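# Inside the fold
This is what each chain is made of:
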Amino acid sequence: MKMAHMLPCYLHISKGVCVNTPPTSKGTRFSHARRISGHKLHVSSSKGCVVQCCRASSTSTSSTAREYLASEFGWKVRRLTREEHEMNEVAQIQAEAFHTPMALFDDLFFQFFKAEVLSGLIYKLRNSPPDRYACLVAEPAVDSSKSESKLVGIVDATVLRDEAVLQHLNGAEEYLYISGIAVSQSFRKQKIGSVLLKACDVLSTLWEFEYLVLRAYEDDVAARRLYSNAGYKVVSIDPQWVTWIGRKRRVVMIKQSNLLSSHF
């Protein structure tokens with residue numbers, strides 16, 4: 001089974017996805033949360049699992065430090081750098097996950113789709129404020145000095161304010177929308193999706209957002225099980241009429257962040 005079917009969070013690649021509105025505070029941000037600046041952060045979930053966000057030296061040619069938001073099951077998650085090779089890896093993994101195979105000229109259409117994914121990623125990285133959009137990437141927890149770290153999974157986190165969703169969020173004015181989750185074909189079924197979702201939890205705390213939101217196909221049992229295990233609950237479903245126009249029904253799933261900062 002392809003990860004695109006297991007984790008349908010829908011990749012947003014249009015320019016309209018960038019949200020440049022300033023952050024608000026009413027009903028949206030944690031009053032107790034604080035941002036980090038070069039500090040080590042330990043975050044504990046209600047299940048007792050400790051996730052670390054720490055600064056480490058990069059093994060790539062970039063001199064910028066990397067902050068790992070989560071480390072579990074042999075994988076660690078951080079924000080994507082703007083290095084060309086990393087952005088190309090992200091585009092490759094997401095294109096493989098979300099491309100619909102064509103009967104003819106499939107290779108050509110795949111390359112077009114990958115180019116569109118890369119273009120959308122570059123646009124969002126260049127035009128989104130750093131606390132309004134993040135592309136998170138997973139890589140092996142054991143560093144290799146012989147080669148660049150290979151990316152194995154990706155997820156997008158974007159601040160949104162869709163009224164249809166906000167009505168389920170108890171007075172919040174904005175929320176963190178999780179989308180575009182994908183895992184490399186060679187590394188599926190190895191808990192990478194779970195670690196990516198855990199990193200999104202940590203990011204929501206760092207950005208002081210109380211709610212996380214995602215969408216899944218109604219009939220995708222595997223994906224919904226993954227999200228349910230991560231603490232997401234279904235709050236709405238597409239109307240029946242969407243099936244009349246050939247679309248699958250989707251469910252909206254939300255999670256109230258339960259991570260609290262304990263050390264700064």
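Refer to the structure above for everything that follows.
Since this is a predicted model, take the numbers as computed values, not measurements. (Residues numbered from 1 in each chain as written. Predicted model: local features only at pLDDT ≥ 70, side-chain atom pairs only at ≥ 80, totals over all residues. Heavy atoms only, no water.)

## Focus on helix 3 (residues 106-127)
To be explicit about the condition: Put simply, DSSP marks the helices as runs of H or I at least four residues long and the strands as runs of E at least two long, and each gets a number from the N terminus on. Expected span, for any helix, means 1.5 Å times one less than how many residues it has. Classification of residues uses two cut-offs on accessible area relative to the type maximum, computed with a 1.4 Å probe and protein chains only: under 20% is buried, over 50% is exposed, and between them is partly exposed. Each direction from the helix axis to a C-beta atom contributes to the arc, which is the arc of those directions. We call two residues in contact when some of their heavy atoms are within 4.5 Å.
For helix 3, which comprises 22 residues, the first-to-last C-alpha distance of 32 Å matches the rise-based estimate of 32 Å (1.5 Å per residue) to within 8%. Along helix 3, the residues that are buried comprise Phe110, Phe113, Lys114, Val117, Gly120, Leu121, Lys124 and Leu125. Looking down the long axis of helix 3, one finds its buried residues gathered within 130° of arc, a one-sided arrangement. In helix 3, the exposed residues that point more than 90 degrees away from the buried face are Phe112 and Arg126. Packing partners of the buried residues in helix 3 comprise helix 2 (84-98), strand 5 (133-140) and strand 6 (153-160).

## Examining the packing of helix 2 against helix 3
The condition that has to hold: A fitted line through C-alpha atoms represents every axis, and for helices the fit uses only the stretch in contact; the resulting angles, taken between N-to-C directions, go from 0 to 180 degrees. We call two directions roughly parallel when the angle between them is under 35 degrees, roughly antiparallel when it is over 145, roughly perpendicular when it lies between 65 and 115, and oblique otherwise. Two helices crossing with the near one rotated counterclockwise from the far one by less than a right angle form a left-handed crossing, whereas a clockwise rotation gives a right-handed crossing.
Interaxial distance between helix 2 and helix 3 falls to 9 Å at its minimum, and their mutual angle equals 130°. By the angle between their axes, helix 2 is oblique relative to helix 3. Crossing angle aside, the handedness with which helix 2 passes helix 3 is right-handed. Listed contacts from helix 3 to Met87, Asn88, Val90, Ala91, Gln92, Gln94, Ala95, Glu96 and Phe98 of helix 2 are Phe110, Phe113, Lys114, Val117, Leu118, Leu121, Ile122 and Leu125.

## Some details on the nonpolar core
Most often, soluble globular proteins keep nonpolar side chains buried together rather than apart. Cut-off, in case you're wondering: Each nonpolar core is a collection of buried residues, namely Ala, Val, Leu, Ile, Met, Phe, Trp, Tyr and Cys, held together in the definition by side-chain atoms within 4.5 Å.
Leu136, Ile178 and Tyr227 are the most contacted members of the largest nonpolar core, which totals 35 residues. The element that contributes the greatest number of residues to this core is helix 5 (residues 192-206), accounting for 9 residues. Ala91, Ile93, Phe113 and Ala182 belong to the second-largest nonpolar core, a separate cluster that totals 19 residues.

## Comments concerning the packing of aromatic side chains
Defined as follows: Side-chain rings of Phe, Tyr and Trp, where Trp is taken by its six-membered ring, are said to pair if the distance between their centres is within 6.5 Å; with planes under 30 degrees apart they count as stacked, over 60 as edge-to-face, and otherwise as tilted. Any Lys NZ or Arg CZ found within 6 Å of a ring centre and within 35 degrees of that ring's normal is scored as a charge over the ring.
According to the stated counting rule, one finds 2 aromatic pairs in the structure shown. Ring centres of Trp75 and Phe187 lie 5.9 Å apart, and the angle between their planes is 90°; this geometry places the pair in the edge-to-face category. Of the two residues, Trp75 sits in strand 4 (residues 75-79) while Phe187 sits in the loop between strand 7 (175-183) and helix 5, which places them 112 residues apart along the sequence. Judged by centre distance (6.4 Å) and plane angle (70°), the rings of Tyr227 and Tyr232 are edge-to-face. Note on Tyr227: relative accessible area 0%, which makes it buried. The class for Tyr232 is buried, based on a relative accessible area of 2%. One residue, Lys191, lies across the ring of Phe73, its end atom 5.7 Å from the ring centre. Lys248 extends its terminal NZ or CZ atom over the ring of Tyr217, reaching a point 4.9 Å from the ring centre.

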